[in-house]
Amino acid sequence: MDFFKLIETRQSCRNFNPRRDVEREKLDACLKAARLAPSACNSQPYHFYVATGEAAKAVGACTRSMGLNGFTADCPALVVVTEAPYNATAAVGAKRKHQDYRSIDIGIAAAYFTAQATELGLSSCIIGWFDEKKLQALLKTQARIRLILAVGYASDDDPLRPKK
């Protein structure tokens, strides 16, 4: 897909088709794109947890509070992105320059993941509202949870919105 067509097509989907699962090969391709994303000193300071089926329902439940993110109940795949330690070189650079490279790197990886999803005909939404403690317990991790990527096929009645 042409790059500008890709970025004009990618949008945050909040209306997923709950009857259509995401193929494992497509999730793997999105993960590969995230793995190939640039990061400070190639540290890749993140970990991706892929949840489908009942696991996706459990993760989705952790995103719904205060009337937000109701659409995750219909999302067939949710990917939880946690923060991991820097490698030694990136750690020194972050401390010396007072920069949070991990947040930048996670954002870049998420952008690559969602761009690849779009190229494969999938829809996505980057979610920042969730219950971190519940997700940590569910995933059996103490790692800081930074983002959740909702991935699936948009419902037929979810039109492409014009970009401004």
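Coordinates for the structure precede this section.
So, here is what we can say about the structure in this document. (Residues numbered from 1 in each chain as written. Predicted model: local features only at pLDDT ≥ 70, side-chain atom pairs only at ≥ 80, totals over all residues. Heavy atoms only, no water.)

## Here we look at the overall build of the chain
Spelled out, the test is: Strands are runs of DSSP state E lasting at least 2 residues, helices are runs of H or I lasting at least 4, and numbering of each runs from the N terminus. The size measure is the radius of gyration over C-alpha atoms, and the globule rule it meets is 2.2 Å times the number of residues to the 0.38 power. Between buried and exposed lies partly exposed: a residue is buried under 20% and exposed over 50% of the maximum accessible area for its type, with that area taken using a 1.4 Å probe on protein chains only. Working definition of accessibility: Shrake-Rupley area with a 1.4 Å probe, residue cover restricted to the visible protein chains. When charges are counted, neither His nor the chain ends are considered; positive counts come from Lys and Arg and negative counts from Asp and Glu. Where a charge lies is defined by one atom per residue type, namely NZ (Lys), CZ (Arg), CG (Asp) and CD (Glu).
Along the backbone of the chain there are 6 helices and 4 strands. Ordered by position in the sequence, the α and β elements of the chain form the string α-α-β-α-β-α-α-β-α-β. For the chain, whose C-alpha radius of gyration is 16 Å, the value lies close to the compact-globule estimate of 15 Å for 164 residues. On the principal axes, the C-alpha backbone points of the chain span a range of 50 × 40 × 30 Å. When the 164 residues of the chain are sorted by exposure, 41% land in the buried category. For the chain, the exposed surface amounts to about 9200 Å²; the carbon and sulfur share of it is 54%. If you average the places of the 23 positive and of the 17 negative side-chain charges in the chain, the two averages end up 7 Å apart.

## Thoughts on the sheet that holds strand β4 (residues 145-152)
Test applied: Pairing between strands requires that DSSP locate at least two bridges from one strand to the other. Axis definition: a line fitted to C-alpha atoms, limited for helices to the stretch in contact. Angles are taken between N-to-C directions and run from 0 to 180 degrees.
Strand order in the open sheet made by the 4 strands is β1-β2-β4-β3, with antiparallel pairing throughout. Two strands bound the open sheet, and with one partner strand each, they are β1 (46-52) and β3 (123-127). Neighbour-to-neighbour, the strand axes of the sheet open up by a mean angle of 20 degrees, direction not taken into account. Both β3 and β4 contribute to a ladder of 5 bridges, which runs antiparallel. Of the residues in β4, the one forming a bridge with serine 123 is glycine 152.

## Thoughts on the layout of surface pockets
The condition that has to hold: Using only the protein atoms, space was sampled on a 1 Å grid; points where a 1.4 Å probe fits but cannot get out form cavities, open sets with protein on both sides within 12 Å along at least five of seven lines form pockets, and lining residues are those with an atom within 4 Å of a point. Grid points are joined across faces, edges and corners, and a volume is the space filled by probe spheres set on the points. Here the term charged refers only to Asp, Glu, Lys and Arg, the term nonpolar to Ala, Val, Leu, Ile, Met, Phe, Trp, Tyr, Cys and Pro, and the term polar to all other amino acids, Gly among them.
Here the largest pocket defines a volume of roughly 150 Å³. Here the lining of the largest pocket is composed, by residue class, of 5 nonpolar, 5 polar and 2 charged.

## A few points about the packing of aromatic side chains
Basically, it comes down to this: Within 6.5 Å between ring centres, the rings of Phe, Tyr and Trp (the latter by its six-membered ring) count as paired, and their orientation is classed by plane angle as stacked under 30 degrees, edge-to-face over 60, tilted in between. Note on geometry: a ring has a charge over it if NZ (lysine) or CZ (arginine) is within 6 Å of the ring centre and within 35 degrees of the ring normal.
On inspection of all chains with the given rule, the structure shows 4 aromatic pairs. For the ring pair tyrosine 46 and phenylalanine 48, a centre distance of 5.6 Å and an interplane angle of 80 degrees mean the geometry is edge-to-face. Each member of the pair, tyrosine 46 as well as phenylalanine 48, is classed as buried. A cation sits over an aromatic face here: arginine 20 above tyrosine 153, 3.5 Å from the ring centre. Lying across the ring of tyrosine 86, arginine 102 places its NZ or CZ 4.3 Å from the centre.

## Some words on a nonpolar patch on the surface
Short version of the rule: Note that patches include only residues with greater than 30% relative accessible area and no salt bridge, and the join distances are 9 Å for like charges and 5 Å for nonpolar side chains (Val, Leu, Ile, Met, Phe, Trp, Tyr). We count a salt bridge whenever a side-chain nitrogen from Lys or Arg sits within 4 Å of a carboxyl oxygen from Asp or Glu.
A surface patch of nonpolar side chains, about 330 Å² in accessible area, is lined by Phe3, Phe4 and Ile7. Along the chain, isoleucine 7 falls in helix α1 (residues 3-9).

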